Every structure is written in structure tokens, then in C-alpha cells.
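Architecture and fold: a report
Residue-level listing of the chains:
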Amino acid sequence: MKKTVSMKTLCLSLALLALPLTALAGNIPAATGTALDGHPFVLPRDLSPKSTILILGFTQHSQTATTAWEKATRSAFAGTGVSYFDIPFLEDAPGFIRPMILRSIRKQVPEPLRPHFVPLTTGQTAWKQTVGFTSDAADAAYVLLVDRNGVIVWQTHEVYSPALLEQLSLASKKLDAR
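All of these numbers come straight from a predicted model, not from anything done at the bench. (Residues numbered from 1 in each chain as written. Predicted model: local features only at pLDDT ≥ 70, side-chain atom pairs only at ≥ 80, totals over all residues. Heavy atoms only, no water.)

**Quick word on the overall build of the chain**
This is how it is decided: Secondary structure follows DSSP: runs of H or I at least 4 residues long count as helices, runs of E at least 2 residues long count as strands, and numbering of each begins at the N terminus. Working rule for contacts: check all heavy atoms of both residues, and any pair within 4.5 Å makes them a contact. All accessibility values rest on the Shrake-Rupley procedure with a 1.4 Å probe; residue burial counts only the protein chains present in the view.
Helices and strands together make up the secondary structure of the chain, namely 6 helices and 6 strands. Listed by position from the N terminus, the elements making up the chain come as α-α-β-β-β-α-β-α-α-β-β-α. Long-range contacts, defined as pairs at least 24 residues apart, comprise 73% of the intrachain contacts of the chain with a sequence gap of at least 6. Accessible surface for the chain amounts to roughly 10100 Å². Of this, 60% is attributable to carbon and sulfur atoms.

As C-alpha cells, this is what we get:
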């Protein structure tokens, strides 16, 4: 009996994962910040006319996961018109420490990548709700593919893998073909 329930739960979970994520997640929240290169950043205004990949990190320890996704995304989507933004949330950091954190981040991020790196200090709760944040995956990279209006069409918080990057690429091509 217990195995049957577990199998039913597994099948239901897999079926839900197969649904288009627009039905599950909806639109991204609005966001305002400043990219590391100093330019103002506003979502959804600054989304690409094609598709945009958002790589979100909610903890300091998510840096490894977000970096892996950022490097793969930058390489796989170079020259395609698909944009990406690496967005760490600093809302939980005390205000007097944030300037030090930002200086440290700026030193680590090479200049050509700074327009794509946008630390945010507000809106974290809305973003966590949107991506289905769980404490079990607090240090994960939450990766979203959104259309020009901010509708989420694909998402994951799994560890980067070439198979997941291929899924993201296929979803992006399908979206851009619309």
C-alpha cells in the first residue's frame, strides 16, 4: 500500500513538472536595481524582445550554483539575442554591510559581465514565492526563462547539468519561434 501511494505521488509530481510552467508560476515580480556596471535595471522593462534567462540566488552559498548556470548560459546563448541576468538577493544582509558585499562582488565579476549582474536589495519575498523557494534548496540557483512580458515559460532549481541546459535551450528556441 505504501509503495502504491509513493508511486502515485511520484507520477503526480512528474505530471506536474511536465505542465507548462506558465500555469504554475505566472509572471515575474517587478524589480528595480542597478547593474554592476552602474546602469539602472527595471523588470519587466529590460527583458529581451526574444527571451531572457534570470539566474536568482537567495543566499551567499548559492554563488557556486549561480556561477555554474551563468557560465553555461553565457556560453550557450552568446550571439542568439537571448539575454540573461544573474540576480543575487542581498535583502537579508544588514544595510551597513551591503556596500562591502557589493564591492567584493564587483571585484569578482569581470567588467564585461557587469551589465548582466544585478544585485537586488528588495522584493525577495515576492521572488521566492514566484519561484517556489524552499529551505531544502536555499542554496540553489533558481533559473527562469521568461518571455518579453515576464511570463515564466521554464524554470528549475536543480544543479546545472548539460541535460538541463539543453532543456532550457529548447524552451528558448520554442519561445523565440512564436
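**Focus on the sheet that holds strand β3 (residues 52-57)**
How we decide: Two strands form a pair only when DSSP identifies at least two bridges running between them. Working convention: axes come from line fits to C-alpha atoms, limited for helices to the stretch in contact. Angles between N-to-C directions cover 0 to 180 degrees.
Ordered by their spatial adjacency, 4 strands build an open sheet running β4-β3-β5-β6, and the pairing between neighbours is mixed. One side of each edge strand has no neighbouring strand; the edge strands of this open sheet are β4 (83-88) and β6 (152-156). This sheet shows a mean twist of 20° between the axes of neighbouring strands, independent of strand direction. Here 6 bridges tie β3 to β4, and the two strands are oriented parallel to one another.

**Observations concerning the pairing of strand β1 (residues 31-34)**
Applicable threshold: When a residue's accessible area, from a 1.4 Å probe over protein chains only, is under 20% of the maximum for its type it is buried; when over 50% it is exposed; and in between it is partly exposed.
Of the two faces of β1, only the one carrying A31 and G33 is buried; T32 and T34 on the other face are not. Pairing between β1 and strand β2 (residues 40-43): 4 bridges, direction antiparallel. Considered in β2, the bridge of A31 is made with L43. Linking β1 back to β2 in an antiparallel pair, the connection comprises 5 residues, with G38 at a positive phi of about 95°.

**Notes on the nonpolar core**
Put simply, the rule reads: In this description, a nonpolar core means a group of buried Ala, Val, Leu, Ile, Met, Phe, Trp, Tyr and Cys residues linked to one another through side-chain atoms lying within 4.5 Å.
Among the nonpolar cores identified, the biggest contains 23 residues, and I53, W69, V143, L145, W154 and L168 are the most heavily contacted of them. At 5 residues, helix α6 (residues 162-176) tops the list of elements feeding residues into this core. Not counting chain neighbours up to four residues away, the residues in contact with L145 comprise S51, T52, I53, V151, I152, V153, W154, L168, A171, S172 and L175. Counting residues in each nonpolar core, the second largest holds 22 residues, with F41, L47, A137 and V146 among its members.

**Observations regarding the packing of aromatic side chains**
Quick reminder of the rule: Each Phe, Tyr or Trp ring (for Trp, its six-membered ring) is paired with any other whose centre lies within 6.5 Å, and the angle between the two planes then decides the class: stacked below 30 degrees, edge-to-face above 60, tilted in between. Working rule: Lys NZ or Arg CZ, within 6 Å of ring centre, within 35 degrees of ring normal, means a charge sits over the ring.
What the rule picks out here adds up to 8 aromatic pairs. Here the aromatic residues F58, F89, W127, F133 and Y142 are joined through ring pairs into a cluster of three or more. We note K128 situated over the ring of F133; from NZ or CZ to the ring centre the distance is 4.3 Å.

**Considering helix α3 (residues 63-76)**
In an α-helix, one full turn covers 3.6 residues, which means residues spaced three or four apart are oriented alike. To be explicit about the condition: Here a helix's expected span is defined as the number of its residues, less one, multiplied by 1.5 Å.
Helix length check: α3, at 14 residues, gives a terminal C-alpha distance of 20 Å against a target of 20 Å (1.5 Å per residue), a fit within 8%. Of all the positions in α3, only T66, W69, E70, A72 and T73 are classed as buried. Buried residues along α3 sit against β3, β4, β5 (141-146), β6 and α6.

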